[in-house]
Amino acid sequence: SAVIASGRTRLTVLGMSPEEITEIEQTGEPKRLVTLVAPRSGVVVNRGISVGTAVDPSTPLLTIADLSRVWVLAEVPEAGMAAIRLGSTARLEFPASGRDPFAARVDFLYPTLTERTRTLRVRFSVGNPLGTLRPGLYGNAIFELPGATTLTVPRDAVVDTGRQQHVFVSTGDRFEPRPVTLGVQLADRIEILSGLTAGERIVSAGVFLLDSESRLRATGGMGGHAHGASPTPQ
């Protein structure tokens, strides 16, 4: 009848299997306990109910995650995001997992930056057959990017007045202060974006003594010959 068909449909919607519905029909006895089968396999990461909890269709019972493949999210500093592309390779390290470092490729770039940290979030999809990469685990992503040829000078060669930066260039028997535009600053060297060309000789030591004397000369103070360390090719 229509009533029986409607009841069978409702039980199916509630998650009962055809075998369980047939058993109720044959025995005519209601079942107090019903087994709910998850639609997919995985690991229970959250249980939203306990014994005796009243539920309705909007109540999440369990949260199941398939951790055989996981997403790894990395934060790339704003200064380096221009070099990251889809397919860029990185070496991922998770010391606490016990897993050896492994290579992975970027498969998604988020469209916006994280405002608080000024970083770009990128995503890797990696296999996790042993389950060692657990949600919330921290690690490092080291990107392998092609290098670029650039001009650098020793950090001590640059004089920063606060208003401009310059280096002293050897021009015959004189030292000429040359304004420069700085780029990336490393531990002991500084990138020069403009103002110098490869092969020019600069002063790499004693530049503050030389700068002080040049300022005295510019203001009409007493001064002798220019001194400092011998220019070194850079």
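(A) Seen up close, helix α1 (residues 2-13). For α1, which comprises 12 residues, the first-to-last C-alpha distance of 16 Å matches the rise-based estimate of 16 Å (1.5 Å per residue) to within 8%. Gly-15, located one to two residues past α1, shows a positive phi value of around 110 degrees.

(B) Region of the structure containing the environment of Gly-80. Position of Gly-80 relative to the elements: it lies in the loop between β3 (69-77) and β4 (89-93). Sequence separation between Gly-80 and Leu-120 is 40 residues, and the spatial gap between their C-alpha atoms is 9.1 Å.

(C) Molecular detail of the layout of surface pockets. For the largest pocket, the calculated volume is near 1100 Å³. Among the elements of the structure, α1 and β2 (62-65) are those that each provide at least two residues to the lining of the largest pocket. For the lining of the largest pocket, the per-class residue count stands at 18 nonpolar, 5 polar and 4 charged. In terms of lining residues, the second largest pocket is bounded by 20 residues, among which Val-72, Leu-73, Phe-94, Leu-137 and Tyr-138 are the most central. Elements with a minimum of two residues in the lining of the second largest pocket: β3 and β7 (140-143). No other element matches β3, which puts 7 residues into the lining of the second largest pocket.

(D) Examining the sheet that holds strand β12 (residues 181-185) more closely. One open sheet holds the 3 strands; their spatial order is β8-β13-β12, and the pairing between them is antiparallel. The strands lining the two open edges of the sheet, one partner per strand, are β8 (152-154) and β12. Averaged over all pairs of adjacent strands, the angle between strand axes in this sheet comes to 40 degrees, irrespective of strand direction. As paired strands, β8 and strand β13 (residues 189-194) are joined by 3 bridges and run antiparallel to one another.

(E) Representation of a nonpolar patch on the surface. Together, Val-44, Leu-62 and Ile-64 give the surface a local cluster of nonpolar side chains, amounting to about 240 Å² of exposed area. Mapped onto the fold, Ile-64 is located in strand β2.

(F) Quick peek at the environment of Arg-123. Here Arg-123 lies in strand β6 (residues 119-127). Given a relative accessible area of 15%, Arg-123 falls into the buried group.

What counts and how
Residues numbered from 1 in each chain as written. Predicted model: local features only at pLDDT ≥ 70, side-chain atom pairs only at ≥ 80, totals over all residues. Heavy atoms only, no water. Helix = DSSP H or I, 4+ residues; strand = E, 2+ residues; numbered from the N terminus. Expected span 1.5 Å × (residues − 1). 1 Å grid on protein atoms, 1.4 Å probe; cavity = no way out; pocket = protein on both sides within 12 Å on 5 of 7 lines; lining within 4 Å. Points joined across faces, edges and corners; volume = space filled by probe spheres on them. Nonpolar A, V, L, I, M, F, W, Y, C, P; charged D, E, K, R; others polar. Pairing = 2+ DSSP bridges. Axes fitted to C-alpha atoms, helices over the stretch in contact; angles between N-to-C directions. Patch = residues over 30% accessible without salt bridge, like charges linked within 9 Å, V, L, I, M, F, W, Y side chains within 5 Å. Areas by Shrake-Rupley, 256 points an atom, 1.4 Å probe, with all protein chains shown as cover. Salt bridge = Lys/Arg side-chain N within 4 Å of Asp/Glu carboxyl O. Buried < 20%, exposed > 50% of the residue type's maximum accessible area, 1.4 Å probe, protein only.

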